[in-house]
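Okay, here's what each chain looks like letter by letter:
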Amino acid sequence: MTAPIAVRLDGIARRFGATHVLNGVALSVTAGERHALIGPNGAGKSTLFNVIGGTLRPDAGRVWLDGADVTGHRPDLLARAGLGRSFQTTRLFARQTVWENVRCALWCGEMARRARPGAISRLAIGTRWLRRSGEIDARAWEVLVDLDLERVADTPAGALEYGAQRRLDLGIAWASGARTLLLDEPTAGMNRDEAARVIAWLQRASVGKTVLVIEHDMDAVQALADRVSVLVQGRIVATGRPADIRADARVREAYLGLPPAEEQP
Ligand SMILES: Nc1ncnc2c1ncn2[C@@H]1O[C@H](COP(=O)(O)OP(=O)(O)OP(=O)(O)O)[C@@H](O)[C@H]1O
Ligand SMILES: [Mg+2]
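Residue numbers here run from 1 along each chain, matching the order of that chain's written sequence. Ligands are numbered from 1 and chains lettered from A, in the order in which they are written. Per-residue local features of the predicted model are confined to residues with pLDDT of at least 70, and side-chain atom pairs are confined, for both listing and counting, to 80 or more; whole-chain, interface and lining totals are unaffected and use all residues. Computation of side-chain values covers all heavy atoms of the structure but excludes hydrogens and water.

Caption draft 1: View of unusual backbone geometry. Its identity as a non-glycine residue notwithstanding, Asp 148 has a phi of 60 degrees, on the positive side. Accessibility expressed as a relative area gives 24% for Asp 148, which makes it partly exposed. Its identity is not glycine, yet Gln 233 carries a phi of approximately 45 degrees, on the positive side. Each helix corresponds to a stretch of at least 4 residues labelled H or I by DSSP, and each strand to a stretch of at least 2 residues labelled E; elements are numbered beginning at the N terminus. Within the secondary structure, Gln 233 is located in the loop between strand S9 (227-232) and strand S10 (235-240). Using a 1.4 Å probe on the protein chains alone, a residue whose accessible area is under 20% of its type maximum counts as buried, one over 50% counts as exposed, and one in between counts as partly exposed.

As structure tokens, this is what we get:
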């Protein structure tokens, strides 16, 4: 049996004024797959994430999430449907502590999944949650330890240094409990050690989840992704395993800036 498709994009087009940024993007991400999206600056990667994540409507094309057509659905409805995302520019509750941010994401994830309108009274939900409070605390602490944030647990998120803010942003996306994660350049601006730690964490944390990740570093792509798609001028020009994509002549010229013939040690 073939695995179900978590994210399917069909003919996605979007322009800003006269600039055609997305030109008929087609892409399928299998459930449980880690899929990297690479491409030059301005290729339309973040725009595509905005279309999938519901912050931008496509001019044409459809977005499918777990088999349901979710084109144009609001971000909060998509979150309820199991989609989580981190942003190229971090978005956190700046005045809340690191601990409160992660704990809040865990609670909100629970709320989105459990609170079906009319299915159960608010009082019953509240009572159940109170009982689960200790469990939520334990999970929040695990996330902090995993992302090397435990020493800054009581620091307001807005006061963190950049790398820690990015790690917290990822932790929040993960803690929301989403089955499918869109991660926009999770290692951007980090030093090599920090980036390697985040990639190692993602390898562990993404088990059982579907991940679509924008990433410029080909070593990170190779370490993390099962498959890679290359977006150039708003079109997917190649999809394949990381090693094959690295060897693809079109990709080497269009994106990696390397000569077409592979002559590397
Ligand atoms: N809201 C917007 N209004 C006008 N133009 C936009 C808007 N969002 C993106 N663009 C333009 O669309 C193009 C693609 O931008 P996008 O951010 O999607 O690229 P990207 O592939 O994510 O690039 P990078 O690797 O630099 O993050 C750019 O030319 C950008 O200026
Ligand atoms: Mg971008």
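Structure shown, so let's carry the discussion forward.
Caption draft 2: Spatial organisation of the pairing of strand S2 (residues 19-30). Paired strands are those between which DSSP finds at least two bridges. As defined by bridge partners, strand S1 (residues 5-16) adjoins S2 across nine bridges and the pair is classed as antiparallel. Across the sheet, residue Ile 12 finds its bridge partner in S2, namely Val 25.

Caption draft 3: Just the pairing of strand S8 (residues 210-214), in detail. Of all five residues making up S8, five are buried, and the element is well covered by its neighbours. Alternating residues of S8 divide into Thr 210, Leu 212 and Ile 214 and Val 211 and Val 213, and every residue in both groups is buried. Of the strand pairs in this sheet, strand S3 (residues 34-38) and S8 are connected by four bridges, and their pairing is parallel. If you follow Arg 34 over to S8, its bridge partner there is Val 211. Sheet topology places strand S7 (residues 180-184) next to S8; five bridges connect them, and they run parallel. Bridge assignment links Asp 184 to a residue of S8, and that residue is Ile 214. When the strands point away from the viewer, a crossover counts as right-handed if the route from the first strand across the helix to the second turns clockwise. Between S7 and its parallel partner S8, the chain crosses via helix H7 (residues 192-205), and the hand of that crossover is right-handed.

Caption draft 4: The arrangement of the site of ligand 1 in detail. The full set close to ligand 1 counts 13 residues, and Gly 42, Gly 44, Lys 45, Ser 46 and Thr 47 are the nearest of them. Here a polar contact means two N or O atoms within 3.5 Å. Within protein one must be a hydrogen donor candidate and the other an acceptor candidate, and residues neighboring in sequence count only if both atoms are side-chain atoms. Contacts to ligand 1 include Ser 46, whose backbone N or O atom sits 2.9 Å from an oxygen atom. Only the protein chains shown count as cover for residues, and the accessible areas themselves come from Shrake-Rupley with a 1.4 Å probe. In the complex, 58% of the free accessible area of ligand 1, which totals 630 Å², lies under the protein chains. Ranked by residue count, the leading element in the shell around ligand 1 is helix H1 (residues 45-52), at three residues. Under the scheme applied here, ten amino acids are nonpolar (Ala, Val, Leu, Ile, Met, Phe, Trp, Tyr, Cys and Pro), four are charged (Asp, Glu, Lys and Arg), and all others, including Gly, are polar. Considering only residue class, the shell around ligand 1 consists of four nonpolar, seven polar and two charged. Nearness is defined per residue: one heavy atom within 4 Å of the molecule or strand is enough.

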